[in-house]
Amino acid sequence: MDKEFNPAMQFDAFTAGVEDGGLRSSSSIEILVCYILANCKEKITSQNIVDALVEGKIANYFEVSSAISKMIKLKNVVENDDGSLSLTGKSQFAIELVEKDLPIVIREKAVELVSKIKTLELYKKETKVDITEAQNGYKITLRITDNDIDYMALTLYVPTLEQADVIKNKFQEHPTEVYQNLINYIF
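What you see is a predicted model; the values in this text were computed from it and never measured. (Residues numbered from 1 in each chain as written. Predicted model: local features only at pLDDT ≥ 70, side-chain atom pairs only at ≥ 80, totals over all residues. Heavy atoms only, no water.)

Draft legend 1. View of the pairing of strand S4 (residues 137-146). The element S4 is largely enclosed, with a buried count of seven among its ten residues. As judged from the eight bridges shared by strand S3 (residues 127-134) and S4, these two strands associate in the antiparallel manner. Note on S4: the bridge partner recorded for Asp-130 is Thr-141. Hairpin geometry of S3 and S4 is characterised by an intervening segment of two residues between the two adjacent antiparallel strands and by a positive phi of about 60° at Asn-136. (Buried < 20%, exposed > 50% of the residue type's maximum accessible area, 1.4 Å probe, protein only. Helix = DSSP H or I, 4+ residues; strand = E, 2+ residues; numbered from the N terminus. Pairing = 2+ DSSP bridges.)

Draft legend 2. How the structure looks around the packing of helix H1 (residues 26-39) against helix H5 (residues 104-126). Put simply, H1 and H5 touch, their axes get as near as 10 Å, and they point 55° apart. Here H5 runs oblique to H1, going by the angle between their axes. Note on packing geometry: the crossing formed by H1 with H5 is right-handed. Along the contact surface, H1 presents Leu-32, Tyr-35, Ile-36 and Asn-39, while H5 presents Ile-106, Arg-107, Ala-110, Val-111 and Val-114. For the contact of H1 with H5, a count of residues per class yields seven nonpolar, one polar and one charged. (Axes fitted to C-alpha atoms, helices over the stretch in contact; angles between N-to-C directions. Parallel < 35°, antiparallel > 145°, perpendicular 65-115°, else oblique. Left-handed = near helix turned anticlockwise from the far one by under 90°. Contact = heavy atoms within 4.5 Å. Nonpolar A, V, L, I, M, F, W, Y, C, P; charged D, E, K, R; others polar.)

Shown next as structure tokens:
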């Protein structure tokens, strides 16, 4: 049985930076944004969605940004005072469509990436990293904080700035693992 022609699912989106299997239709991107908002438990900002879909090479940066702006303008999505996005009743139809028209792999990957981006955003708020030049290298101080109280402060010496940047990025991606492993090793 042939699928019915759906003019809303035309390949009309820029695909620069999008992998095979990514979204090539503006309407598909709009539907996926609604799906993400309906299925993520955290408060999600437009930047979280853009970052996730671009990082996952699911959709083009400009297309995702445009889709979110369009949906806000049409009042399908509301931007709250804290910058988070919420669905309106008008957008509920799109969530039903997504079950039929978008692959489950794309849906699951998008929700997972948004959650990852949101977690990294939280980690960066709870961690502080200071890199200072030292004799023959750099000192890097890694901190896990909450309300300006240091739960952990660890200072390391590294010979190059590149190594300091790698440590900074790894620490900010997994601060709880660093803390947990350090505590487990000490005790």
